[in-house]
Amino acid sequence: MGGAWGGKLRVALVVAVVGALAFAHVRLIHPSTGAELFWSNPSSISVVINEAGSDNLPDKSHMTALRNSIDEWNRTPGSSARLVENISPGQQARTDWASDSIHLLYFDEDNSSGYFPSGSGTVAITPIWFYAGGSISDADVLFNGKNFNFTTSGQAGRFDVQDIATHELGHLLGLDHSGVAGASMYPYVDTSVVLHRSLAGDDIGGMREVYPDGSFGRLTGTVRRADNSTVAGAWVSARDSDGRIVGGGLANNLGLYTIEGLDPGDYTLYARPLDQPVSSANLTSGHVVVTDFGATHLPGVYTVAAGQTKGVSDLIVGPDATMSLGRSSDNFPLRVVQGQTTNLTIHGAGLNPGSVLTCSDPSVTVSAISWHGSLVTLSVSVPAGEPRGHLDLEVSGPFGERSILPGGLEVTPPDPVVLTVSPSAGSDSGGTSMVIKGNHFEPGARVVIGDRIYTDGEPGGCQVVDPTTILLSTGATVPGVHDVVVIDQSGVEGRQSSAFTSAAIPTIDTVFPLAGNRLGGTEMVLRGDNFATGLEVRIDGISQGAVTRDSGERVVVTTNGGLEGGPYLLELENPGGGVATSAFAYVRPADPVVTGLQPSEGVPGDVVTLSGANFSPQTQVLFGADPDTGIGGVAADSIEFLGPGTLEVTLPAGLAGDQSVLVRRADTGQADVLEAGISYPTSSDSGGACTASVGLERGPWEALRGSAWMLVLGILVWMRSRRLETA
Amino acid sequence: MRTLLTLLAFGALSLLVSRPLFTEPAVRAGTALRMDVPDLVEAADLVLEGRVLSATPVETEEGLIETEYELAVDRTFRGDDVFLRSVRLPGGVLEDGRGMLLAGVPHLREGEDALLFLSHAGPRGVRLPVGLAQGRYRIVTRLDGSKLAVRDQSDLGLVDPSTGDLLEADGLHIRDYAELVAEIEASMGSVRSQAQAGAPK
């Protein structure tokens, strides 16, 4: 240390309110009474995510990011605290965050809170209300959407919603800052950091102390100097057998410390002065913090069982050191990746040539590249398969001085890589079986698609089959084109942009007519559902140019024409995906055209003349068929072919009022229809003599709904070709 | 026992040097940008140095708790120069013990000499220290009469028992008072220059 104002003896004096023991992590306290803040109903702390979210995130991806943060705290093993999201739309629409009746996660886009005036420099804040005894009555998380930009997709220069939220939710739960550089409650954040998304052992220890659910081990002891005097406010950390830091805490003013929330296992301990990068200035008041000693390891390994409180030997600290490792300007935790070598820069003091860098995991190789006094550059090589977690870095000087940076490194897997997503589209109502292929998928991963989160191994979640495959079945998803994001438990992520379209999937119920002239120009009506604006219709892969969407259930296509044959695949594709299929055939004959009847009124048994074009002896005539589908109608009693432009037909019985007239080539399925082409007397016109039900009879083509039409159409085309061959 | 006595001695010394420190609430950081002095000056609406005469907690109709501070202003670097000024900051504790804190917002204490970088007033008249705790320096006097500017958020003082000097502790920002004032003035010069350059001709 030894700054401009330095002296050898450094004592931090704070309010003379000293608890009996100081535990790992730090809790928020009542500013006047010193009571630690807590929720009295920790198992059901209701929170609401404001639906509007950030104006930087029109896709509402703040929802999933915040839910991931909530889930991260809820997954804390050994803690009874649960944040329970209230998803009532009425609650999500509320903005009255100050009300005691709602604990809101809210993006303040216009400084309605008054806490984000211009130039405040505040990115997010957590107001907490409490009673004199320390119980929390209300807490909310406010993001400064007015002055800062947020991201859920790693956009540079923007604050990661999940990273910020995880930190702020720790405050909401009653935690203050941690001296562990890799903890989510580490005081400093940066736009380039996402590793606070995942809790560190120290955060977990905090939750276990405040809201315990289970029986955990404790290590307790005293920090002393060589002259047997005690050391107040020393920061004591515990490492597990993998060298991962699992917690830490301040000794009290008598040098006593207790590290709580330990799983059964073997631990080693060390003490260090709380100076950099987190100092007493970052912690709650109520502690005496002494920093005039050097970082020192406690010899031996200590084993604790569940529920056991184990006293350990006095931790005798050495003399103060002039070197220190880590500054708040470093973006901790520094990430190192399994199976990779990473070059890093860490600031500090006294980092001079001749010093030695080591890591709490001996299988991780740390090599100094260059020493510059106030900084050191180093490379860190992590073997593949190394356990993830937070590692301490330690620097030792040539004269025995030492500084330890607790949890400054975080071992993570490589970023997940999403290569393919299949299928690329599915119904917004869910039910699509999806296969995600890629690399570096690890157990416990989450998949985010639109507003849905799928967590490995949870009901309705996903299944990490192996490092290259994830399976899931989609749930109801907000419509749109979505990234598919795989988030590792460490918080690192991989994504495939615009990889999945969630949409109402179109369906085709009818195609009318089923065939058209090979030269094109046939007006075809598609009936079905979920026809979206901007859709495309293809026949045999050829996009049809003249497509009119009348509604979500009706589309009219004027065919381009194509090679005689088929039935060809008919596809209707909504923008962004979602395809419905049917079939259509191109045939040689010209399409029949009906232009009028003479007379246009009649009664059953009357003979009328049907005018048009391209009639043939095979032309059928039906009255009262559905003009969009060709379904229904009553066949003419008789048809006489007088020529390609004229038919004489006898009106059938059983109809009333204006009726369509449909002509159809029986051999090809080509058809044309004249709406209201004939007018029958209504029941009032005929004195009730005519009681026919219009259009209720099933015409022969109605049976062709579904897939049977393909077979029939094929037969028709085959028959046509046979006739041509015969001719 | 020796350590305890030493601590008590340090405590007494610290009390002489920075008595107001002993009632200050702890840091509770929200999330704020790291800012240096020029950043603070540029972002602030009001930069002043003064003594806190009173602190009055109030509860708003919306249920928010805020504290009204009355300041005797020694010097105004930016903003209207008035001798007495009231500023309202969020958070505080009411007489009945109910309270509200906002992570990272420092509280001022009666009698404290402070150098403040304050934001524009919000809709309710509430200002925030720019950059939360970064926007407030406490001005303390050493035993030799020289001044220091200490930026921290806790009831913390680092004291060299032999000289009475405040010591630099990591996480604390201890500046020579005159040096800090000079930097503020220089930053204000830059702000004025920019304003003149942007003013209509």
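Residues numbered from 1 in each chain as written. Chains lettered and ligands numbered in written order. Predicted model: local features only at pLDDT ≥ 70, side-chain atom pairs only at ≥ 80, totals over all residues. Heavy atoms only, no water.

1. Considering the confidence of the model for chain A
Residues and elements named next belong to chain A.
Piece 1. Residue-level pLDDT values for chain A average 86, and 88% of them are 70 or greater.
Piece 2. Taken together, the stretch residues 1-24 has pLDDT below 50 and engages in 94 contacts with residues farther than four places along the chain or on a different chain.
Piece 3. Confidence over residues 685-710 falls short of pLDDT 50; this stretch has 41 contacts with residues more than four positions distant or in other chains. (pLDDT = per-residue confidence, 0-100. Contact = heavy atoms within 4.5 Å.)

2. Observations regarding the packing of aromatic side chains
Piece 1. In the structure shown here, the tally under the stated rule is 11 aromatic pairs over all chains.
Piece 2. Judged by centre distance (6.2 Å) and plane angle (45°), the rings of W97 of chain A and W129 of chain A are tilted. Note that W97 of chain A is positioned in the loop between α2 (89-92) and β4 (104-108) and W129 of chain A in strand β6 (residues 127-130), a separation of 32 residues in sequence. Per residue, the accessibility class of W97 of chain A equals that of W129 of chain A, and both read buried.
Piece 3. Where Y186 of chain A meets F332 of chain A, the ring centres are 6.1 Å apart and the plane angle is 85°; that geometry is what we call edge-to-face. Taken together, the residues span a long stretch of sequence, with Y186 of chain A in the loop between α3 (161-172) and α4 (201-210) and F332 of chain A in the loop between β20 (324-325) and β21 (334-337) at a distance of 146 residues.
Piece 4. The class for Y186 of chain A is buried, based on a relative accessible area of 0%.
Piece 5. Ring pairs connect the aromatic residues F107, F143, F148, F150 and F159 of chain A, which therefore count as one cluster.
Piece 6. Above the face of the Y115 of chain A ring, R124 of chain B is positioned so that its terminal group lies 5.5 Å from the ring centre. (Phe/Tyr/Trp six-rings, centres within 6.5 Å; stacked < 30°, edge-to-face > 60°. Helix = DSSP H or I, 4+ residues; strand = E, 2+ residues; numbered from the N terminus. Buried < 20%, exposed > 50% of the residue type's maximum accessible area, 1.4 Å probe, protein only. Lys NZ or Arg CZ within 6 Å of the ring centre and 35° of its normal.)

3. Examining the sheet that holds strand β23 (residues 356-359) of chain A
Residues and elements named next belong to chain A.
Piece 1. Taken in spatial order, the four strands of this open sheet run β21-β27-β26-β23, and their pairing is mixed. Single-partner strands in this sheet number two, and they are β21 and β23. Each strand of the sheet is rotated relative to its neighbour by a mean of 35°, with strand direction disregarded. (Pairing = 2+ DSSP bridges. Axes fitted to C-alpha atoms, helices over the stretch in contact; angles between N-to-C directions.)

4. Some words on unusual backbone geometry
Residue and element names in this part refer to chain A.
Piece 1. Of note, the bond from S422 into P423 is cis; its omega dihedral lies within 30 degrees of zero at 0°.
Piece 2. Inspection of the secondary structure assignment puts P423 in the loop between β28 (417-422) and β29 (425-427).
Piece 3. With an omega of -5°, the peptide bond running from Q598 to P599 counts as cis.
Piece 4. For N530, which is not glycine, the phi dihedral falls at a positive 60°.
Piece 5. By the secondary structure assignment, N530 is in the loop between β39 (523-529) and β40 (536-539).
Piece 6. In this structure N530 comes out as partly exposed when scored by relative accessible area, which is 30%.

5. Some points on the sheet that holds strand β52 (residues 657-665) of chain A
Residues and elements named next belong to chain A.
Piece 1. The four strands are arranged β49-β48-β52-β53 in an open sheet whose pairing can be described as antiparallel. The open sheet has two edge strands with one neighbour each: β49 (632-635) and β53 (671-680). Across this sheet, the average inter-strand angle for adjacent strands is 35°, counted without regard to direction.
Piece 2. Bridge count for strand β48 (residues 619-625) against β49 is three bridges, and the pairing is antiparallel. Note that in β49 the partner of F623 across the bridge is V634.

6. Quick look at α3 of chain A
Residues and elements named next belong to chain A.
Piece 1. Across its 12 residues, α3 extends 16 Å between first and last C-alpha, which sits within 8% of the 16 Å expected from 1.5 Å per residue.
Piece 2. The element α3 is largely enclosed, with a buried count of 12 among its 12 residues.
Piece 3. All buried positions along α3 are accounted for by V161, Q162, D163, I164, A165, T166, H167, E168, L169, G170, H171 and L172.
Piece 4. Among the residues of α3, the N-terminal cap falls to D160, whose side-chain oxygen and the backbone nitrogen of Q162 are separated by 3.3 Å.
Piece 5. Within two residues after α3, G174 carries a phi angle of roughly 110°, on the positive side. (Expected span 1.5 Å × (residues − 1). Polar contact = N/O pair within 3.5 Å; in protein donor to acceptor, adjacent residues only side chain to side chain.)

7. Observations concerning a nonpolar patch on the surface
Piece 1. On the surface, V435, V465 and L471 of chain A cluster together into a nonpolar patch covering about 190 Å² of accessible area.
Piece 2. In this structure, V465 of chain A sits in strand β33 (residues 462-466). (Patch = residues over 30% accessible without salt bridge, like charges linked within 9 Å, V, L, I, M, F, W, Y side chains within 5 Å. Areas by Shrake-Rupley, 256 points an atom, 1.4 Å probe, with all protein chains shown as cover. Salt bridge = Lys/Arg side-chain N within 4 Å of Asp/Glu carboxyl O.)

8. A look at the environment of T141 of chain B
Residues and elements named next belong to chain B.
Piece 1. Relative to the helices and strands, T141 is located in strand β8 (residues 136-141).
Piece 2. Overall, T141 belongs to the partly exposed group, its relative accessible area being 36%.
Piece 3. For the pair T141 and D113, spaced 28 residues apart in sequence, the C-alpha separation works out to 9.9 Å.

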